[in-house]
Amino acid sequence: MKKIVCRCHDVTESDIEDAIDSGYDDFESLKRITGITTGQCQGKTCMDLARGILERKTGKPVTQTTRIRSPIDPITLGSLVKSTAKKK
Amino acid sequence: MADEELKAVQRGYNTREELEELNVLPPEEIVASKRIAMIECTEEIPCNPCAYICRVDAITKDSLSAPPIVDWEKCTGCTACVAVCPGLSVFLQQIKDGKGYVTLPYELLPAPKDGDRVELQDRSGAVVGEGVIVKPTYQARGDAYPRWVVTVEMDDPALSYEVRSIRILGDQK
Amino acid sequence: MVDWRIYEHPILEFDRGEEVTIYLDGEPMKAFESETVAAALYANGLREFSKSIKYRRPRGFFCAIGRCSTCMMEVDGVPNVRTCIVMVKAGMRIKRQKYLAEYLSPILNLMKLPPQVYMRLMTRPGIIYKPAMMVMRQLTGLGAFPKKVLDPPPQNQGAQGEISTEFLIVGGGPAGMQAAIEAGQRGISVVIVDDKDRLGGQLVKQTHTFFSDIKYAAGKRGFKLGEEMISQLDQLPNVRVITETSAVGYYPKEDIMLLKGPNNTTLKVNAKKYLVATGAYEKTLVFENNDLPGVYGAGGVQTLLNVFGIKPGNRGILLGTGNVALMVAYHLIQAGIEVAGVYAPSFRRVRGYFVHAAKIQRHGVPVVTRHTIVKALGRKEVKGAIMTKLNTDYSHVPGSQFKVDCDFICIGVGLNPAYDLVQLFNPKMVRSGVLGGFVPIRDKTYRFAENAYIAGDCGSIEEATTAVLEGGLAGLHVTEALDIRSEEISEKITEYEHALEEDRSSPFSAGLKTAMNEITVDDIMEVLT
Ligand SMILES: Cc1cc2nc3c(=O)[nH]c(=O)nc-3n(C[C@H](O)[C@H](O)[C@H](O)COP(=O)(O)OP(=O)(O)OC[C@H]3O[C@@H](n4cnc5c(N)ncnc54)[C@H](O)[C@@H]3O)c2cc1C
Ligand code: SF4
Ligand code: SF4
Ligand code: FES
């Protein structure tokens, strides 16, 4: 029986709790070690859940958003190249 | 599961006693004299179609969020407010010739027909008896998609204080 | 043959368009033109769309609006297509992505590899990267690379290239549409983009009549309101509508918004002013088996039910007592689907409007506060749920667990503002519980960055009616910022502000109003620098 937090990478609640226990207790490092928010959905389901677990475990509110970069949705590199090429 | 008393806001529906205390239910002599609207919309929510639609200004809302108040003298029982209320919280009631009548909004299948037998449900959904549909009307008020306004007749007039929903059983015959 | 479509509904008529045949792993299936691939497959009884990457757990669709990415399949040779936002075409071939790892999964599980390994292992040396990735992708079911690079087929070309406009609106929900109407009617050249096949946002699935002031939206059904707004937009030649296209990036240096259209087409838009009206994402919950097919978001269920006319199941439960959960329960009842109960941990009260709770209970559906779900039962799909009563500290009451028979579980526990795009403008973000999550500081004209404005759910979780008003206001302020001013515009602004004030006058909005005041400043540029 699993409690899934990140559907893209199959990260469970206990994976996240373990990571927090081993010292990854801020959102950025939690993200790097577990891979949450880096799947195809870019954190649209897991971000909020993981933040909740982090807050519960550490007792500290998370007040910063994680950095978001363009593109926010997977896009093929080919199509980017194509549109840049056209620019000239 | 209810091992302690739940308040109305925790339960999500009112009991008749609570509504009486809030002065929402019309007095018996009026119910016995004509078909009359009662509005079980007791919370402050930003909404006003009921007050807008009533042609005799029987419904007042002090502000957009104030709960509506019905002037039972003015109400003609026209059912317009039943058809328009997005909260489905307006009902009409009447006691006549020893029978009870409740008019309610209906947005389910099967479509109601004159003479259909129905199970009568109270505010909690419990089945409290059986009744018969009289002259259902399909009304469009301010919207292209209308809803049914159904009046049900019940033998026990006291039930008209409780019945708020129906389940259609089908033709009487 | 199984068919989960609803053919008789008390309020809706489903115009499904022409019947076509699509193929799932070679099997022919009945579909209709107006359906998405996911909807068509669901109507044919398919619940497992793919297997998850690590534990090989069955995954079905969840959000139905192209957010969660669990519905990915191979469509006509292209892997990882979000089937819930792609429309069916006659003869379409859909494949469940094959996973050799099916057989290897016990071993992979034993190895307890952290998930990144699947993604990042063997990225060096470059020479073995591609073959290695091929193998890894096969193993994990992420889909093989397409055999050859697929050029976008000539038909159904999305908008391509580069354009400039005065006002670019991202998100075609009520907020975005109203902004387009107000600015468009005053002569501004507007481009409005939305990632769905039609405008309307959340409105398209709302079949109930709305609250609020009758002058604006009250008494209308949500999707009708949406249709009216669309026809108003149709009257405006200076408003260009681009659908099936999502904004995927904003590059401040170049001042360019990057849009992605069908078939990997891209469009770069430079605008004088931008409006972000991207709405919200649904929140979800952590419980055992929460990823099982049959556990859906409330929006997903509404989409299936009200847009496509497909039953999510025969008997379901809802989690959450906010307006969304209560509304979905009512929509299910209307579609003739049994609702076993609406459960939520709330103690103080049913969170949504009382009248919504009352209208479902009188149909015999209990609204049960102080309860939560422990786990979903079933191996391949939901077969039931274990519920528990809660103590006031939210711990489970021992011995209070009980089983509810159901074949779907619908989560309606609230929304998070969709702030990804907002953040690319480098705003000042704050977190607010009342407003739903992270939202940008803005000024009274809804401006949150030098040239960017915000309206609707992505700025604060509220309602369709407030989204319309905020959108209208943002549209008018942008018009003024583009140096079109008049008495009439100022009057309209005052009128909208007054209406918004009224809409927020109930005790439900007390906290919200305070929070809004806290994040609204006089001079936004001061905050940003
Ligand atoms: C289930 C449910 C029931 C509701 N019931 C009611 C009700 O009874 N009464 C009421 O008043 N309100 C109700 N609401 C709330 C109301 O629908 C929303 O508040 C309102 O739709 C918000 O409008 P919006 O324009 O901000 O966003 P949305 O309607 O969410 O529209 C945003 C649009 O932007 C698109 N988009 C997002 N990101 C991108 C991108 N990057 N590129 C391109 N397009 C993008 C989305 O696909 C969507 O079409 C309900 C909401 C839900 C979910
Ligand atoms: S029934 Fe008619 S007259 Fe009476 S309150 Fe309703 S709308 Fe007014
Ligand atoms: S229309 Fe219905 S929900 Fe709205 S205020 Fe009147 S009674 Fe209440
Ligand atoms: S992305 Fe398709 S179901 Fe969520």
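Residues numbered from 1 in each chain as written. Chains lettered and ligands numbered in written order. Predicted model: local features only at pLDDT ≥ 70, side-chain atom pairs only at ≥ 80, totals over all residues. Heavy atoms only, no water.

Draft legend 1. Spotlight on the sheet that holds strand E19 (residues 371–377) of chain C. Residues and elements named next belong to chain C. The strand order across the open sheet built from three strands is E19-E20-E21, with neighbouring strands paired in antiparallel fashion. Every other strand in the sheet has two partners, leaving E19 and strand E21 (402–405) as the edge strands with one partner each. Strand-to-strand twist across the sheet, computed as the mean angle between neighbouring axes with direction ignored, equals 30°. Across six bridges, the pairing between E19 and strand E20 (residues 384–389) is antiparallel. Within the sheet, the bridge partner assigned to lysine 375 lies in E20 and is isoleucine 386. (Pairing = 2+ DSSP bridges. Helix = DSSP H or I, 4+ residues; strand = E, 2+ residues; numbered from the N terminus. Axes fitted to C-alpha atoms, helices over the stretch in contact; angles between N-to-C directions.)

Draft legend 2. Seen up close, the packing of helix H11 (residues 464–481) of chain C against helix H12 (residues 487–503) of chain C. All names here are of chain C. For the pair H11 and H12, the least separation of the axes is 10 Å and the interaxial angle reads 155°. Relative to H12, the element H11 lies roughly antiparallel. Considering how the two elements wind past one another, H11 and H12 form a crossing that is left-handed. The segment H11 lies against H12, with Thr465, Thr466, Leu469, Glu470, Gly472, Leu473, Leu476, His477, Thr479 and Glu480 engaging Ile489, Ser490, Lys492, Ile493, Tyr496, Glu497, Ala499, Leu500 and Asp503. For the contact of H11 with H12, a count of residues per class yields eight nonpolar, six polar and five charged. (Parallel < 35°, antiparallel > 145°, perpendicular 65-115°, else oblique. Left-handed = near helix turned anticlockwise from the far one by under 90°. Contact = heavy atoms within 4.5 Å. Nonpolar A, V, L, I, M, F, W, Y, C, P; charged D, E, K, R; others polar.)

Draft legend 3. Summary view of the confidence of the model for chain A. Averaged over every residue, the pLDDT of chain A is 80; residues scoring 70 or more account for 85%. In the model of chain A, helix H4 (residues 77–87) of chain A stands out as the element of lowest mean pLDDT, 54, in contrast to helix H1 (residues 13–21) of chain A, which has the highest, 92. (pLDDT = per-residue confidence, 0-100.)

Draft legend 4. Geometry of the interface of chain B and chain C. Facing 47 residues of chain B, the contacting portion of chain C comprises 45 residues. Interface area for chain B against chain C, summed over the two sides, is near 4,000 Å², with a carbon-plus-sulfur share of 56%. Linking chain B with chain C are 17 residue pairs in polar contact (both at pLDDT 80 or more). The set of elements that each furnish at least two residues to the side of chain B that touches chain C consists of helix H1 (8–11), helix H4 (49–53) and strand E9 (165–170) of chain B. (Buried area = accessible area lost by both parts, 1.4 Å probe. Polar contact = N/O pair within 3.5 Å; in protein donor to acceptor, adjacent residues only side chain to side chain.)

Draft legend 5. Here's a closer look at the site of ligand 3. Taken together, the neighbourhood of ligand 3 is formed by Ile39, Cys41, Cys47, Pro49, Cys50, Lys61, Pro68, Cys85, Pro86, Gly87 and Ser89 of chain B together with Phe211 of chain C. At the site occupied by ligand 3, nearby residues are drawn from chains B and C. Across the shell around ligand 3, the residue classes break down as nine nonpolar, two polar and one charged. (Near = heavy atom within 4 Å.)

Draft legend 6. Structural context of the site of ligand 1. Residues and elements named next belong to chain C. Of all residues adjacent to ligand 1, which total 30 residues, the nearest are Asp194, Asp195, Lys196, His208 and Asp457. For ligand 1, an oxygen atom lies 2.5 Å from a polar atom in the side chain of aspartate 195. A distance of 2.7 Å separates an oxygen atom of ligand 1 from a polar atom in the backbone of aspartate 457. Taking 1,000 Å² as the accessible area of ligand 1 by itself, protein coverage stands at 95%. Contributions of two or more residues to the shell around ligand 1 are made by helix H5 (174–185), strand E11 (246–251) and H11. With three residues, H11 is the largest single contributor of residues to the shell around ligand 1. (Areas by Shrake-Rupley, 256 points an atom, 1.4 Å probe, with all protein chains shown as cover.)

Draft legend 7. The layout of surface pockets, seen in detail. Considered as a void within the structure, the second largest pocket measures approximately 1,200 Å³ in volume. Forming the walls of the second largest pocket are 37 residues, and the residues nearest its centre are Leu49 of chain A together with Thr284, Leu285, Val286 and Pro345 of chain C. If you list the elements that add at least two residues to the lining of the second largest pocket, you get helix H3 (46–58) of chain A together with strand E17 (338–344), E19 and strand E24 (429–432) of chain C. Broken down by element, the residue count for the lining of the second largest pocket peaks at seven residues, all from H3 of chain A. Tallied by class, residues from the lining of the second largest pocket come to 14 nonpolar, 13 polar and ten charged. Viewed by domain, the lining of the second largest pocket spans two of them, domain 3 (160–281 + 417–528) and domain 4 (295–413) of chain C, each represented by three or more residues. (1 Å grid on protein atoms, 1.4 Å probe; cavity = no way out; pocket = protein on both sides within 12 Å on 5 of 7 lines; lining within 4 Å. Points joined across faces, edges and corners; volume = space filled by probe spheres on them. Domains from an automatic or database assignment.)

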